[in-house]
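What follows is each chain in one-letter form.
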Amino acid sequence: RLRQMLLDARTAKEESGVSALFLALGVLHWLDERGGEREAPLVFLPVLLEREGVSARYRLRPAPGEPAENLPLREMLHATRRLALPEFDATAPLAWAGAIAPLLPEGWRVDPDAGALGLFAQGKFLMWRDLDPALHPGLLDHAPLHRLLAAAPAAAPPPPFADDAAVDDAIP
């Protein structure tokens, strides 16, 4: 399993340019609308998975970067439950995870000791979030966005020369 995870992590980095391998720390457990148990990691710690040879053991090391909260989870909790989580503290991520527990509805719980190694791609969510006009005022004032989002495509400007024009004579 670690070999496949290492290969998948390398592939994700090569294809997207962003590492997707994280050690997830802390887990939120809750019941969805249908009564099914759901869980999601709270904090992502960037890591490197390495192996120096076929007979060598795998090594897990911290990667460059700061611990990060699970932003899609924060957005989901805000959108579906109007639950505002405290501001994330990258210097004390497990303390932050513990501070969430008292804010949760009945039947929800935080397991601060849970951890999992995995590929967690957040790039699409971050791009989607970057397009939120509430987070980026003035975003919709840019002319290129108006042209892309317009209901009817803009008319193409007329060509500067007729198809049969002697262009060499017209351009000095």
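### Points about the overall build of the protein
(1) Moving on: For the protein, the helix and strand inventory stands at six helices and five strands.
(2) Moving on: Tracing the protein from N to C terminus, the helices and strands come up as α-β-β-β-β-α-α-β-α-α-α.
(3) Moving on: Looking at the 172 residues of the protein, the share that counts as buried comes to 26%.
(4) Moving on: Put simply, 49% of the contacts in the protein that link residues at least 6 apart link residues at least 24 apart.
(5) Moving on: A total accessible area of about 12,500 Å² is found for the protein, and carbon and sulfur atoms account for 57% of it.

### Re the packing of aromatic side chains
(1) Moving on: Counted according to the given criterion, the structure contains four aromatic pairs.
(2) Moving on: Seen from their ring centres, Phe88 and Trp96 are 4.9 Å apart, and the 85° between their planes marks the pair as edge-to-face. Each member of the pair, Phe88 together with Trp96, is buried.
(3) Moving on: Following the ring pairs from residue to residue traces out a cluster consisting of Phe22, Phe44 and Phe120.

### Overview of the nonpolar core
Across soluble globular proteins, you tend to see nonpolar side chains buried next to one another.
(1) Moving on: Counting residues in each nonpolar core, the largest one holds 17 residues, and the members touching the most others are Leu28, Leu42, Leu73, Leu77, Trp96, Ile100 and Leu104.
(2) Moving on: For this core, the elements supplying multiple residues, two or more each, are β1 (21–31), β2 (37–50), α2 (71–81) and α3 (93–100).
(3) Moving on: When sequence neighbours within four positions are dropped, the list of residues in contact with Leu28 reads Arg38, Glu39, Ala40, Leu42, Leu73, Leu77, Leu104, Trp108, Arg109 and Val110.

### A closer look at the side chain of His29
(1) Moving on: Looking at the element boundaries, His29 is found in strand β1.
(2) Moving on: Classification of His29 as buried rests on a relative accessible area of 10%.
(3) Moving on: Within the structure, His29 has its side chain in polar contact with the side chain of Glu37 (distance 3.5 Å).
(4) Moving on: With residues up to four places along the chain from it excluded, the contact list for His29 reads Glu37, Arg38, Glu39, Gly107, Trp108, Arg109 and Asp111.

Reading the values: the criteria
- Residues numbered from 1 in each chain as written.
- Predicted model: local features only at pLDDT ≥ 70, side-chain atom pairs only at ≥ 80, totals over all residues.
- Heavy atoms only, no water.
- Helix = DSSP H or I, 4+ residues; strand = E, 2+ residues; numbered from the N terminus.
- Buried < 20%, exposed > 50% of the residue type's maximum accessible area, 1.4 Å probe, protein only.
- Contact = heavy atoms within 4.5 Å.
- Areas by Shrake-Rupley, 256 points an atom, 1.4 Å probe, with all protein chains shown as cover.
- Phe/Tyr/Trp six-rings, centres within 6.5 Å; stacked < 30°, edge-to-face > 60°.
- Core = buried A, V, L, I, M, F, W, Y, C linked by side-chain atoms within 4.5 Å.
- Polar contact = N/O pair within 3.5 Å; in protein donor to acceptor, adjacent residues only side chain to side chain.

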